[in-house]
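Okay, here's what each chain looks like letter by letter:
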Amino acid sequence: MTQHDHDAGSGRAGRLLARLARAARHSPDAARVVTQVIAHQPETLLPVALTVARDGHGPIDDAIAVAVESAELSYASLLALYQPLPVSTTSLPNTALVLARQLCDRAAEGPKRARALQFLGSELSEVGRAREALAVAEESVALWRALVETDRDAHARGLARALHNLGDHLSDVGRWQEGLAAAEESVVLWRVLVERDPDAHTRDLADALHNLGHDLSQLGRSREALGATEESVALWRALVENDPDEHTCDLADALHNLGHHLSQVGRSREALGATEESVALWRALVENDPDVHTRDLAHALHNLGDHLAEVGRSREALDASQESVALWRALVESNPVVYTRRLANALHNLGSQLSALGRWREALDATEESVALGRALVEDNPAVHTSGLAEALHSYGDHLAEVGRLREALDATEESVALWRALVENDPVAYSRGLADALHNLGHHLSQVGRSREALDATEESVALWRALAEDDPDAYTRDLALTLFNLGHHLRGEGDVPAALEAAKESVALWRVLAENDPEVNTPELIEALRSLGTVLTKAGKRRAAFDANTEAIALGRVQNSSLPPSAVSALTKLEFSLDAEVDRE
């Protein structure tokens, strides 16, 4: 057969398979015919079928997977089919898994087997089988370690990659500390390899640093996470300059992570800039290959909503969150096992953005759906999903309170606190922040139902946790401490302990001053509220001149910030100004 005849035959087969794929949207029989057609010439028709599936003609993933299983292909033929598949394919997850499993079955012991196990671990993870993925990754690392002992120069690269993957799979099952250890070992190996051959290994180091940043962040080590991610972004930028087609998606992913880590250390505007750049890159990539990159865009939009909200751009934050949820819903239809967790997180986020705009019932609906999805996920894998449910219940309590369902709000928040306490017992470094935040909320909801003494206890425990966190990482946690001290002062005042309330209010104001110096647009409104609260406590303490000074400063700042303050704050400041004018007249 000539090349022309081969191409003509492939073209006819492609058109036939495309028609069958479109028919498979409505008829299971059409999918079975796909399997039968491929079986006549699997070596020739499997590549054609993979292209048809990736082009989105119809749902024939299972049909192709069955054809692969029955074809008895060689290792070389399987590898030729597997390697062109994109990472995280949404149209062919089962086919990718079958190919990876058969590669393991065909591979002899040694590097081929170790590498095939890495493929299998990645594909098991993609279909939500996290524990199986981890077991396979551990076997791969063990094989590479044995190979490195016999020939370090030949196999160090394989071990570095296997450790990278192992770190991912350990994190997926909630074993953060072990995941970090694997990621750190991977980075050390890649640094040595880059010194020997930077052209060959710089991209691997950039990727490993990306992962290291993620793992450090999960354990609350925000500054170190930012440092690793900044290094990763710098490496990817240099690589993109030389080969944009190959590396743009890696830069987009690293910028996404950079935005998250900048936000964690309080650098909100830089976080927004990095995330906006990431979203722009993902949009361009989705136009060329939606099958591969839609989930990346959905994830980046989720974070964009967060960072827009941090700088007060609430309507744009809602737009980003709504777009993210729509994309995740479509992805869940194609693969619920893999993407339900992401949809739950996106709905949680959407609830927050709706609440910020006063659309409280819609916020409650979104968060109720998130909690329901979270409960189902926890039943399947509590180690991985309990923290997500705890976060969703935290927000659910807030949104129940917004619509006046105060006792249900308290129940949700108490459940959230209980989940965080259990998590902190197993890993205090990773989860103390979640518990501190939930206790802060619990204090608020206890106060709403008149249980003021318990509200004070919860808030004092929250302050103690935030102090410890802020001592270790002030950039990441000073804002949380300032917010909680503000509330502590309120609860102490309610209990009649004016001296203690005054100390809390003073400390809160001092922290907000520092924060407002670093980012006035974001933090000056909070400083104004803290000064107003300080003025109230000083008045109760009989320190009228100091109270007058605090209130006067709040009004002066409010005049400067008037356009960016919410209407309720403007109204409160106006009333305060009238009150001060009256006091001056009396004097």
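This text follows the structure it describes.
Quick look at the structure, then. Here the residue numbers are simple positions, counted from 1 along each chain's written sequence. It should be noted that, the model being predicted, local features are given only for residues of pLDDT at least 70 and side-chain atom pairs only at 80 or more, the latter also being counted only at that level, while totals for whole chains, interfaces and linings use all residues. Calculation of side-chain values draws on the structure's entire complement of heavy atoms; hydrogens and water are dropped beforehand.

1. What to know about the overall build of the protein
Here is step 1 of the chain: Only runs of H or I of at least four residues qualify as helices and only runs of E of at least two qualify as strands under DSSP, and these elements are numbered from the N terminus. Within the protein, the regular secondary structure consists of 27 helices and zero strands.
Here is step 2 of the chain: Projected onto the principal axes, the alpha-carbon positions of the protein cover approximately 105 × 55 × 45 Å.
Here is step 3 of the chain: Only protein chains enter the area calculation, which uses a 1.4 Å probe; residues under 20% of their type maximum are buried, those over 50% are exposed, and those in between are partly exposed. Put simply, the protein has 587 residues, and 53% of those count as buried.
Here is step 4 of the chain: Of the contacts made within the protein by residues no fewer than 6 positions apart, 62% connect residues no fewer than 24 positions apart.
Here is step 5 of the chain: Charge counting treats Lys and Arg as positive and Asp and Glu as negative, with His and both chain ends excluded. For charged residues, the charge sits on one atom: NZ in Lys, CZ in Arg, CG in Asp, CD in Glu. Computing the positive centroid from 56 side-chain charges and the negative centroid from 93, the protein places the two 3 Å apart. By definition, residues are in contact when any of their heavy atoms lie within 4.5 Å.

2. With respect to a positive patch on the surface
Here is step 1 of the chain: Taken together, the side chains of Arg-12, Arg-15, Arg-19, Arg-22 and Arg-25 define a basic patch exposed on the protein surface.
Here is step 2 of the chain: Relative to the helices and strands, Arg-19 is located in helix 1 (residues 3–23). Two distance rules govern patches: like charges are joined within 9 Å, and nonpolar side chains (Val, Leu, Ile, Met, Phe, Trp, Tyr) within 5 Å, applied only to residues with over 30% relative accessible area and no salt bridge. Here the accessible surface of atoms and residues is derived via Shrake-Rupley with a 1.4 Å probe, and residues count as covered only by protein chains that are part of the display. Salt bridges are identified by distance alone: a Lys or Arg side-chain nitrogen within 4 Å of an Asp or Glu carboxyl oxygen.

3. Regarding the environment of Ser-140
Here is step 1 of the chain: Looking at the element boundaries, Ser-140 is found in helix 8 (residues 130–150).
Here is step 2 of the chain: On a C-alpha basis, the gap between Ser-140 and Gly-121 in space is 8.9 Å, while along the polypeptide they are 19 residues apart.
Here is step 3 of the chain: Excluding residues within four positions of it along the chain, Ser-140 makes contact with Ala-114, Leu-117, Gln-118 and Ala-162.

4. A closer look at helix 6 (residues 93–106)
Here is step 1 of the chain: The span expected for a helix works out to 1.5 Å for each residue beyond the first. Taking 1.5 Å per residue as the helical rise, helix 6 with its 14 residues ought to reach 20 Å, and the 20 Å between its terminal C-alpha atoms agrees with that figure.
Here is step 2 of the chain: For helix 6, the buried fraction is high: 10 of the 14 residues fall into the buried class.
Here is step 3 of the chain: Against helix 3 (42–54), helix 4 (61–71), helix 5 (75–82) and helix 7 (111–126) lie the buried residues of helix 6.

5. Quick word on the packing of helix 16 (residues 314–334) against helix 17 (residues 336–356)
Here is step 1 of the chain: Here an angle of 0 to 180 degrees is reported between the N-to-C directions of two axes, which are lines fitted to C-alpha atoms, with helices fitted over the stretch in contact. Two numbers describe how helix 16 lies on helix 17: the axes approach to 8 Å, and their chain directions differ by 160°. Classified by the interaxial angle, the pair formed by helix 16 and helix 17 is roughly antiparallel. Like other packed secondary-structure pairs, helix 16 and helix 17 cross with a definite hand, here left-handed.
Here is step 2 of the chain: Basically, the charged four are Asp, Glu, Lys and Arg, the nonpolar ten are Ala, Val, Leu, Ile, Met, Phe, Trp, Tyr, Cys and Pro, and anything else, Gly included, counts as polar. Residue classes in the contact of helix 16 with helix 17 are distributed as 14 nonpolar, eight polar and three charged. Reported orientations rely on four angle classes, namely roughly parallel under 35 degrees, roughly antiparallel over 145, roughly perpendicular from 65 to 115, and oblique for the rest. Whether a crossing is left-handed or right-handed is set by the direction in which the near helix is turned from the far one by less than a right angle, anticlockwise for left-handed and clockwise for right-handed.

6. Some words on the side chain of Thr-294
Here is step 1 of the chain: Summarising the element assignment, Thr-294 is placed in helix 15 (residues 290–310).
Here is step 2 of the chain: Judged by its relative accessible area of 15%, Thr-294 falls in the buried class.
Here is step 3 of the chain: At a separation of 2.7 Å, a polar atom in the side chain of Thr-294 contacts the main-chain carbonyl oxygen of Pro-290. Here a polar contact means two N or O atoms within 3.5 Å. Within protein one must be a hydrogen donor candidate and the other an acceptor candidate, and residues neighboring in sequence count only if both atoms are side-chain atoms.

7. Details of the packing of aromatic side chains
Here is step 1 of the chain: Planes of paired rings set the category: under 30 degrees apart is stacked, over 60 is edge-to-face and the rest tilted, where pairs are Phe, Tyr or Trp rings (Trp by its six-membered ring) whose centres lie within 6.5 Å. Under the counting rule described, the total for this entry stands at four aromatic pairs.
Here is step 2 of the chain: On the numbers, 5.9 Å between centres and 40° between planes, the contact of Trp-328 with Tyr-339 is tilted. You can see Trp-328 sitting in helix 16 and its partner Tyr-339 sitting in helix 17, a full 11 residues away along the chain. Here the two residues Trp-328 and Tyr-339 agree in accessibility, since each one is buried.
Here is step 3 of the chain: Measuring from centroid to centroid gives 6.1 Å for Trp-420 and Tyr-431, while their planes differ by 45°, and the two rings are tilted. With a gap of 11 residues between them, Trp-420 in helix 20 (residues 406–426) and Tyr-431 in helix 21 (residues 428–448) connect regions that are remote in the sequence.
Here is step 4 of the chain: According to the relative accessible area criterion, Trp-420 is buried, its value standing at 5%.
Here is step 5 of the chain: Accessibility expressed as a relative area gives 9% for Tyr-431, which makes it buried.

8. Structural notes on the nonpolar core
Here is step 1 of the chain: Leu-159, Leu-163, Leu-166, Leu-212, Trp-420, Tyr-431 and Leu-442 are the most contacted members of the largest nonpolar core, which has 50 residues in total.
Here is step 2 of the chain: Looking at this core element by element, the count peaks at nine residues for helix 10 (residues 176–196).
Here is step 3 of the chain: With sequence-adjacent residues up to four places away left out, Leu-166 is seen in contact with Leu-134, Ala-137, Glu-138, Val-141 and Ala-182. Throughout this description, the term nonpolar core refers to a set of buried Ala, Val, Leu, Ile, Met, Phe, Trp, Tyr and Cys residues connected via side-chain atoms within 4.5 Å.

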